[in-house]
Amino acid sequence: MSDHHTHVQEFFTARAADWDSRFPDDGPAYAAAVAGLGLRAGDRVLDAGCGTGRALTPLRAAVGPTGVVVGLDLTPAMLEAAVRAGRNRDGRLLLGDVAALPLRSGAFDAVFGAGLVSHLADPTGNLRELARVVRPGGTLALFHPIGRAALAARQGRRITPDDLRAEPNLRPLLARSGWRMTSYVDEDTRFLALAARES
């Protein structure tokens, strides 16, 4: 495992037990972001970097009982927290890495990624791997329950020009990775970038 992966696992392992209690009011923002994916009954959706599984319940509601919901995360402690919260009832949980997804090509209609981009070791390669498992025309949602400026203020830092989530950086990053950005919202109350899988 690379140093980057080890760092990500250590960061989230230390926070897994109280992650949900630290951010108790994020539920409506997750539900609104999932609605932005435009999922239909029977669709197949991957929650990449699912953490404690906060998106799994709205994802299941969107695709219904005939749909497929898979939550994948690199950190066992986060998946364990998802099980403790009962969210494994809404989707199958997988331990895995977005660098090499244990999933077949074109298996999904959509990918949801909350807080994902800033933790990717190889953003272009990792987003390309996400594109591999989505059918042409499928959708990607990159989400955070608060916007870039609000998040930077919470963390006591400033936004820098090289922030991958800035639209001038994210749009070409997605394009290099097999995605076409279709919308971009960065407000204090949410960050949501949507993209379509190129054919």
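What you are looking at is a predicted structure, and each value in this text was computed from that prediction instead of being measured.

Trainee: Describe in detail the sheet that holds strand β2 (residues 68-73), supporting the description with residues and values.
Mentor: Read across the open sheet, the 7 strands follow the order β3-β2-β1-β4-β5-β7-β6; overall the sheet is mixed. With partners counted over all chains shown, the strands left at the sheet margins are β3 (92-95) and β6 (179-187), one partner each. The sheet shows a mean angle of 15° between the axes of neighbouring strands, direction not considered. Contacts from helix α3 (residues 27-36) reach β4 (108-114), β5 (134-144) and β7 (190-197) within the one sheet, and its direction differs from that of β4 by about 150°. The sheet contacts of helix α4 (residues 56-63) involve β1 (44-48), β2, β3 and β4, and relative to β2 the element is tilted by about 160°.

Trainee: Lay out the side chain of Arg87 in plain terms, naming residues and giving numbers.
Mentor: Take Arg87: it is sitting in the loop between α5 (76-84) and β3. Those residues in contact with Arg87 that lie beyond four places of it in its chain are Asp20, Thr52, Gly53, Arg54, Leu56, Thr57 and Ala82.

Trainee: So what's going on with the environment of Arg171? Residues and values would help.
Mentor: Assignment of secondary structure puts Arg171 in helix α8 (residues 167-176). Judged by its relative accessible area of 38%, Arg171 is partly exposed.

Trainee: So what's going on with the packing of aromatic side chains? Which residues, and what values?
Mentor: Each aromatic ring pair is summarised here by two numbers: the centre-to-centre distance and the angle between the ring planes. This structure, assessed with the given rule, holds 4 aromatic pairs. Seen in terms of ring centroids, Tyr30 and Phe143 are 4.9 Å apart; in terms of plane orientation they differ by 75°. Their pairing is edge-to-face. In this pair, Tyr30 sits in helix α3 while Phe143 sits in strand β5, placing the two residues 113 residues apart along the sequence. The exposure class of Phe143 is buried, given its relative accessible area of 3%. Put simply, the rings of Tyr30, Phe112 and Phe143 pair up and form one aromatic cluster.

Rules and cut-offs
- Residues numbered from 1 in each chain as written.
- Predicted model: local features only at pLDDT ≥ 70, side-chain atom pairs only at ≥ 80, totals over all residues.
- Heavy atoms only, no water.
- Pairing = 2+ DSSP bridges.
- Helix = DSSP H or I, 4+ residues; strand = E, 2+ residues; numbered from the N terminus.
- Axes fitted to C-alpha atoms, helices over the stretch in contact; angles between N-to-C directions.
- Contact = heavy atoms within 4.5 Å.
- Buried < 20%, exposed > 50% of the residue type's maximum accessible area, 1.4 Å probe, protein only.
- Phe/Tyr/Trp six-rings, centres within 6.5 Å; stacked < 30°, edge-to-face > 60°.

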